Amino acid sequence: DAGITQSPRHKVTETGTPVTLRCHQTENHRYMYWYRQDPGHGLRLIHYSYGVKDTDKGEVSDGYSVSRSKTEDFLLTLESATSSQTSVYFCAISEGRGRPDTQYFGPGTRLTVL
Amino acid sequence: GESVGLHLPTLSVQEGDNSIINCAYSNSASDYFIWYKQESGKGPQFIIDIRSNMDKRQGQRVTVLLNKTVKHLSLQIAATQPGDSAVYFCAETVLGGYNKLIFGAGTRLAVHP
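The shown structure was predicted, so the numbers you read here are calculated from the model rather than taken from an experiment.

**Q** What is the right way to look at the overall build of chain B in this model?
**A** On a plain count of helices and strands, chain B comes out with zero helices and 10 strands. Expressed along its principal axes, the backbone C-alpha trace of chain B runs to roughly 45 × 30 × 20 Å. For chain B, buried positions account for 44% of its 113 residues. Once local pairs closer than 6 in sequence are excluded, the contacts in chain B between residues at least 24 apart make up 55%.

**Q** What exactly am I supposed to notice about the state of the cysteines here?
**A** Simply put, the disulfide is a covalent bond whose two ends are the sulfur atoms of two cysteines. Using the criterion set out here, one finds two disulfides over all chains in the structure. Covalent S-S linkage joins Cys23(A) and Cys91(A), the inter-sulfur distance amounting to 1.9 Å. Between Cys23(A) and Cys91(A) the sulfur-sulfur dihedral comes to about -70 degrees; the bridge is accordingly left-handed. One end of the pair, Cys23(A), is in strand S3 (residues 19–25); the other, Cys91(A), is in strand S9 (residues 87–94), with 68 residues separating them in the sequence. On the basis of relative accessibility, which here comes to 0%, the residue Cys23(A) falls in the buried class. Overall, the relative accessible area of 0% leaves Cys91(A) in the buried class. Residue pairing for Cys23(B): its cysteine sulfur links by disulfide to Cys90(B), the two sulfurs lying 1.7 Å apart. Of this pair, Cys23(B) sits in strand S2 (residues 19–24) while Cys90(B) sits in strand S8 (residues 86–93), and the two are 67 residues apart along the sequence.

**Q** Can you help me understand the pattern of salt bridges in this one?
**A** A pair can form between side chains of opposite charge whenever their charged atoms are brought close. All names here are of chain A. Throughout the structure, instances matching the rule amount to seven salt bridges over all chains. Ionic pairing is found between Asp-73 and Arg-22, a salt bridge with its closest N-O pair at 3.0 Å. Residue Asp-73 is found in strand S8 (residues 73–78), and its partner Arg-22 is found in strand S3; the two are separated by 51 residues along the sequence. Judged by relative accessible area, which is 34%, Arg-22 ranks as partly exposed.

**Q** Would you mind going over the layout of surface pockets with me for this structure?
**A** If a probe as big as a water molecule is rolled over the atoms, it shows which places are left empty. All names here are of chain B. Of the pockets and cavities examined, the largest pocket occupies roughly 190 Å³. The wall of the largest pocket is formed by Lys-37, Gln-45, Phe-46, Ile-47, Gln-60, Arg-61, Val-62, Leu-75, Ile-77, Asp-84 and Tyr-88. Those elements giving two or more residues to the lining of the largest pocket turn out to be strand S4 (45–51) and strand S7 (72–77). Within the lining of the largest pocket, the residues separate by chemical class into six nonpolar, two polar and three charged.

**Q** In this structure, what is going on with unusual backbone geometry? I would like to understand it.
**A** What you tend to see is this: most non-glycine residues have negative phi, and most peptide bonds are trans. Put simply, Ser7(A) and Pro8(A) share a cis peptide bond, and its omega is -10 degrees. Within the secondary structure layout, Pro8(A) lies in the loop between strand S1 (4–7) and strand S2 (10–13). In this model, Lys53(A) sits at a positive phi of 70 degrees, which is unusual for a non-glycine residue. Its location among the elements puts Lys53(A) in the loop between strand S5 (42–51) and strand S6 (54–57). One non-glycine residue, Ala79(B), adopts positive backbone phi at about 50 degrees. On the accessibility criterion, Ala79(B) (36% relative accessible area) is partly exposed.

**Q** Looking at this model, I keep getting lost on the sheet that holds S8(A). Mind explaining?
**A** Residues and elements named next belong to chain A. Overall, antiparallel pairing links the four strands, which are arranged S1-S3-S8-S7 in an open sheet. With partners counted over all chains shown, the strands left at the sheet margins are S1 and strand S7 (64–70), one partner each. Sheet twist, expressed as the mean angle between neighbouring strand axes with direction ignored, is 20 degrees. Here S1 runs beside S3; their pairing, made up of four bridges, is antiparallel. The residue of S3 that forms the bridge with Gln-6 is Cys-23.

Basis of the calculations
- Residues numbered from 1 in each chain as written.
- Chains lettered and ligands numbered in written order.
- Predicted model: local features only at pLDDT ≥ 70, side-chain atom pairs only at ≥ 80, totals over all residues.
- Heavy atoms only, no water.
- Helix = DSSP H or I, 4+ residues; strand = E, 2+ residues; numbered from the N terminus.
- Buried < 20%, exposed > 50% of the residue type's maximum accessible area, 1.4 Å probe, protein only.
- Contact = heavy atoms within 4.5 Å.
- Disulfide = S-S within 2.5 Å.
- Salt bridge = Lys/Arg side-chain N within 4 Å of Asp/Glu carboxyl O.
- 1 Å grid on protein atoms, 1.4 Å probe; cavity = no way out; pocket = protein on both sides within 12 Å on 5 of 7 lines; lining within 4 Å.
- Points joined across faces, edges and corners; volume = space filled by probe spheres on them.
- Nonpolar A, V, L, I, M, F, W, Y, C, P; charged D, E, K, R; others polar.
- Pairing = 2+ DSSP bridges.
- Axes fitted to C-alpha atoms, helices over the stretch in contact; angles between N-to-C directions.

Below, the structure is given as structure tokens:
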């Protein structure tokens, strides 16, 4: 998985609790992304980062925040988890140099919100 | 198991046959396309890409064909093997600016011995 790890790999939590998912890369890539994957919707972008402390929203960002304090780590936080956020979450990275800029994905985190 | 595969179109092939997976893309301005393979419980894995200035590109056992006139992309897998069983996604983007990928819904490939 291109030097990308995600933690935890599985999590079950209750509605209203905060949750933080971590993505760690060893490739020193500039861009990092968080996606969610749901049946019938494919992969949808939540947030992305184009450098340390530089982040922007994707198409489904409501209810999520992100932080990137180091090149290698990109955190996704659900401030108050809801059942609609039950999903599989994937982190991706890309070099961000030149075009095209292929994205490589991590192994995913399965989150269940009860 | 992976729930993403529910309700996906499925292509069933015999081991050793060639497989063709199709994708209709949405944006006529898209100029870069990628095929990803996703095995159960894993993240999408890059297979092959193609830019819009090409209509065919070959890799190891895989070929991608691009028809810009009808906005159609296909992935051909030669001599399909059981290890090819997975969900396959196409993705499109417009080069320049931030690299936003738009993913298709996916096709499940089932390889039978």
